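# A closer look at the structure
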Amino acid sequence: MTNSQVIKMYNYHVWANKKIFEHLKQLPNEILNGKVKSVFSSISEVLTHLYATDITWLEVMKGSNFHTIIKKVEHRKFKASQASIVELEDLYDQLSTEYYDFFNIHKNSEHSITTEHPQHGVCEFTLVDLVHHVVNHGTYHRGNLTAMLHQQGERGVPTDYVFFLFK
């Protein structure tokens, strides 16, 4: 996969997240923190989790060590958990800029990334594998969000990859 394909894949992730935020901003504020029976207890928890996970993987791509990643993620995750929907969207936008800055420097999609995890030991990935994971993880949780919206009597928003291609 080329660097432009990696960026296209990530562009889809950013586009789909923006679609979610556009939709959520139109709904009553109670929907964001409304308690539901799901993998997460509220939509805001899913959004915070997705944000924190995207930070984690960017830090892995950058070569940060496990303890540094944990500190960065916890700090930024706390800020996200306290944010309004508009502020959270801004945090997502800032993070996507960090990703694009990283992609501008690291143009080899097959670039090897080695990281060490306390439970999984030393792991080796390629940049394309990690970006694929970030996008796949986001797709999974946007599906959770749609189910959670339905539980609260609201509709979801289509974020399938093909709708990104239609735009």
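Above this note sits the structure.
The text that follows walks through the structure, step by step, so that each part is easy to find.

Criteria and thresholds
Residues numbered from 1 in each chain as written. Predicted model: local features only at pLDDT ≥ 70, side-chain atom pairs only at ≥ 80, totals over all residues. Heavy atoms only, no water. Helix = DSSP H or I, 4+ residues; strand = E, 2+ residues; numbered from the N terminus. Expected span 1.5 Å × (residues − 1). Buried < 20%, exposed > 50% of the residue type's maximum accessible area, 1.4 Å probe, protein only. Contact = heavy atoms within 4.5 Å. Core = buried A, V, L, I, M, F, W, Y, C linked by side-chain atoms within 4.5 Å. Arc of directions from axis to C-beta. Polar contact = N/O pair within 3.5 Å; in protein donor to acceptor, adjacent residues only side chain to side chain.

### Details of helix H3 (residues 43–62)
Over its 20 residues, H3 runs 29 Å from end to end, which matches the ideal 28 Å to within 8%, given 1.5 Å per residue. Counting buried positions along H3 gives 15 out of 20 residues, so the element sits mostly inside the fold. Looking at the residues trailing H3, positive phi occurs at Gly63, about 90°.

### Section: the side chain of Ser109
Turning to its location among the elements, Ser109 is positioned in the loop between helix H5 (85–105) and strand E1 (112–117). With residues near it in sequence (within four places) discarded, Ser109 still touches Met1, Thr2, Asn3, Val6, Thr126, Leu127 and Val128.

### A look at the nonpolar core
Soluble globular proteins tend to bury their nonpolar side chains together. In terms of nonpolar packing, the biggest core is built from 49 residues, with Leu24, Ile43, Leu47, Met61 and Val131 touching the most fellow members. If you list the elements that add at least two residues to this core, you get helix H1 (3–25), helix H2 (29–33), H3, helix H4 (66–81), H5 and helix H6 (127–151). Beyond its immediate stretch of four places on either side in the chain, Leu24 contacts Leu32, Ile43, Leu47, Ile85 and Leu149.

### Comments concerning H4
Taking 1.5 Å per residue, 16 residues should reach 22 Å; H4 reaches 22 Å between its end C-alpha atoms and fits that length. Within H4 the residues assigned to the buried category are Ile69, Val73, Arg76 and Ala80. The buried side chains of H4 occupy one side of the element, clustering within an arc of 80° when seen end-on. In H4, the exposed residues that point more than 90 degrees away from the buried face are His67, Lys71, His75, Phe78 and Lys79. Where H4 begins, the capping side chain belongs to Asn65, and its oxygen is found 3.1 Å from the backbone nitrogen of His67.

Any functional reading would require information that these geometric values do not contain.
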